[in-house]
Every structure is written in C-alpha cells, then in structure tokens.
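A structural walkthrough
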Amino acid sequence: MVNVVWAEEGGLAANDRGLAYGDGLFETIRMQGQRGALLGRHQRRLLADAERLGITVTHDALSRACQLAAERYAPGFGEKSDAHSGTDGWLGQGGWVLKLILSRGPGGRGYRPDSNSRPQLLISAGPLPPLPPATGVVADIARQRLTVNPQLAGMKTLNRLEQVMAARELTDGVFELIMRDHNDCLVEGTRTNLLVKTTAGWITPPATALAVDGVMRQWVLDCLRRRGEPVLERSLGLADLRVPACEGLYLLSSVLGVVPVYQLADAHLPVTGGLATICDLLTTLE
C-alpha cells in the first residue's frame, strides 16, 4: 500500500530512498480545473515503470490519489484571463501542474532495498508556466552529453543530473537545449522530446535511446499514425535538420504541448502550426 504525502504538510523522511539514491519516479501533469491532460497515460507509465523498478503501487491507489489531488488543489487555481499572454489564449484559465513523486520509501543504509519498505507518493501542485508563442522558440545544442542505460531507458526516474547539468548552460533567449549522445546523435531536450518533419515524413529518436519516453511523444506519434502519416523511429543527426529536407523541428512536452523551433543554434528552420492543431492537449483532458 502506497502512503500519500501532501507536500504542504511535510516532506519525505531523511532516510527515504528517493532522496538518498534517486530510487523512484515522477510525473508532471498539466491540469485544467480538476481534469488532467493525458492523465491516463501518465498513470499507466508510472505504474509500468514502478513495476520495472519493483516498487509496488496499484492502479486504484494511484487513481484515487490523483482524484484527491485534483479536488484539493484545483480551487486554488481559479479562472483569470490573460489577453496579452501572446500564447494560445488560455494561459491561466484554471491551468496548473500536478506533480507526483513516487519513492520506494524509507530504508536503512546501503543500496539494497528493504523488502518491507512502504512506497511514498509525494504530491504537490504549482502554477502552469508561461506557454511559448505559436511562432516558435530558439533552441541550441547542449555541451553536456546524455548517457542512457538500456535497463532504465525511457523511465522518468528521480535521477536527472545530466539534464540538470545541461540546463545550467541555458542563456537568455534560449528556450531549450538539445542533448546528444556520445555518437553525436540528437536524443532529446533537457525537458522535451524531439520530432522532425521532413519531406519523407516524421522522424523521432527511438524509445530505446531516450532517457525519458514522454507521454506527449507517445500520444503525438499515435495521432500521426492514425492519420496515416509516415513515422520513422531512428537515430537523428544534425544533417536531418537541414533545409529544405527539414520542414520543421518540434519539442514535445506534456506540460507545454507542441513547441515549434524557428532557430537552432545559428540555423533558421521553417515553422508551421499544423501539428499543434492536430495534437491539442486540451482534447485529452480526463
């Protein structure tokens, strides 16, 4: 049985394995009132990855915790208009972010988990961050490289130190940094997944190469395939972003949605709004 901890009522114990070893997972969910975008997918990913780590949590317990969190926090994020936001027009209208941190729980010294540890689910809420403009953003290439352990590929674990180091390189005016692996392949952003539109179809790095296989990425690929559009999961290089073969680079985030990139380093890229229209997060509220 998972123990629910409300962040505003206290944190995790000092001997919690999530704090000591990063032994756990997290999800950040975009909420609109008491409903969450891609909520079911977030829950299924957390459950599947918890099973991979050997952390026991049931669907009913997780679903009930999310329901209680929505009832608890949604009233604190009321309706307000923001006509000058420069975004898609609904910034701040009941939007907020739900964060779930699942830890294996308290344990003694040493890396070996205690079979009697009780999982802890730390729940918190925060305001929706400013959404990027539909005209696109500036991105750059991070110097920090990304290493993906095949046994942990795709999981949103609590250990995100490589992303932290890369994010330290951010400068004013740059929205996101794209990380490469040690073979110079483009893998993902510090907080986003990558999708490229080319004259031959859509390209995205394979899930096995990702540190985080985002639920937004999974949903967008499903949407494109249902429309009959060609989608290829393969290694992605800078050569794939050369115009005219490249028709657009998109950053995918379950909080920010579809974010087009109009400039990567010194190169300018084409921007269209079609993908954001097809894959509107507001259509996935549950």
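To be clear, the structure that these remarks concern was listed above.
What counts and how
- Residues numbered from 1 in each chain as written.
- Predicted model: local features only at pLDDT ≥ 70, side-chain atom pairs only at ≥ 80, totals over all residues.
- Heavy atoms only, no water.
- Pairing = 2+ DSSP bridges.
- Helix = DSSP H or I, 4+ residues; strand = E, 2+ residues; numbered from the N terminus.
- Contact = heavy atoms within 4.5 Å.
- Axes fitted to C-alpha atoms, helices over the stretch in contact; angles between N-to-C directions.
- Parallel < 35°, antiparallel > 145°, perpendicular 65-115°, else oblique.
- Left-handed = near helix turned anticlockwise from the far one by under 90°.
- Nonpolar A, V, L, I, M, F, W, Y, C, P; charged D, E, K, R; others polar.
- Core = buried A, V, L, I, M, F, W, Y, C linked by side-chain atoms within 4.5 Å.
- Buried < 20%, exposed > 50% of the residue type's maximum accessible area, 1.4 Å probe, protein only.
- Salt bridge = Lys/Arg side-chain N within 4 Å of Asp/Glu carboxyl O.
- Phe/Tyr/Trp six-rings, centres within 6.5 Å; stacked < 30°, edge-to-face > 60°.

**Side note on the sheet that holds strand β3 (residues 35-36)**
Read from one edge of the open sheet, 5 strands run β1-β5-β4-β2-β3, paired in mixed fashion. Both edges of this open sheet fall to β1 (3-6) and β3, since each of them pairs with a single strand only. Pairing of strand β2 (residues 24-32) with strand β4 (residues 95-103) involves 9 bridges; the strand directions are antiparallel. If you follow Gly-24 over to β4, its bridge partner there is Ser-103. Strand contacts of helix α2 (residues 39-53): β2, β3 and β4, with the helix running at about 175° to β2, the strand carrying the most contacts. Sheet strands touched by helix α3 (residues 59-73): β1, β2, β4 and β5 (120-127). Its angle to β5, the strand with the most contacts, is close to 35°.

**Observations concerning the packing of α2 against helix α5 (residues 215-226)**
Taken N-terminus to C-terminus, the directions of α2 and α5 make an angle of 120°; their axes are 10 Å apart at the nearest point. Classified by the interaxial angle, the pair formed by α2 and α5 is oblique. Crossing handedness for the pair α2 and α5: right-handed. For the pair α2 and α5, contact is made by Arg-41, His-42 and Arg-45 and by Val-215, Gln-218, Trp-219 and Asp-222, respectively. Class assignment for the residues of the contact of α2 with α5 results in 2 nonpolar, 2 polar and 3 charged.

**Notes on the nonpolar core**
Buried together is how nonpolar side chains tend to be arranged in soluble globular proteins. Ranked by size, the top nonpolar core spans 26 residues in total, and within it Leu-62, Leu-98, Leu-100, Leu-102, Leu-121 and Ile-123 carry the most contacts. Among the elements of the structure, β2, α2, α3, β4 and β5 are those that each provide at least two residues to this core. Membership of the second largest hydrophobic core comes to 23 residues, among which are Ala-139, Ile-178, Leu-194 and Val-259.

**Section: the pattern of salt bridges**
Counted by the stated rule, this structure contains 15 salt bridges. A salt bridge links Glu-247 to Lys-197, with the shortest nitrogen-to-oxygen separation between them at 3.1 Å. Of this pair, Glu-247 sits in strand β12 (residues 246-253) while Lys-197 is found in strand β9 (residues 193-198), placing the two residues 50 residues apart along the sequence. Of the charged contacts in the structure, one is a salt bridge between Glu-233 and Arg-217, with a shortest N-O distance of 2.8 Å. Separated by 16 residues along the polypeptide, Glu-233 in strand β11 (residues 231-233) and Arg-217 in helix α5 bring together distant segments of the chain. On the accessibility criterion, Glu-233 (33% relative accessible area) is partly exposed. For Arg-217, a relative accessible area of 3% corresponds to the buried category. Within the structure, one salt-bridge network assembled from shared partners comprises Asp-213, Arg-217, Arg-225 and Glu-233.

**Brief notes about the packing of aromatic side chains**
Scanning the model with the defined rule gives 5 aromatic pairs in all. Geometrically, the ring pair formed by Trp-6 and Tyr-73 is edge-to-face, given 5.9 Å between the ring centres and 70° between the ring planes. Of this pair, Trp-6 sits in strand β1 while Tyr-73 is found in helix α3, placing the two residues 67 residues apart along the sequence. The exposure classification of Trp-6 matches that of Tyr-73, with both residues buried. With centroids separated by 5.0 Å and ring planes inclined at 65°, the aromatic side chains of Tyr-21 and Tyr-111 adopt a geometry described as edge-to-face. A residue pair is termed long-range when its members are at least 10 positions apart, and Tyr-21 in helix α1 (residues 17-21) and Tyr-111 in the loop between β4 and β5 qualify at 90 residues. For Tyr-21, a relative accessible area of 32% gives the class partly exposed.

The values reported here are purely geometric and, on their own, carry no functional implication.
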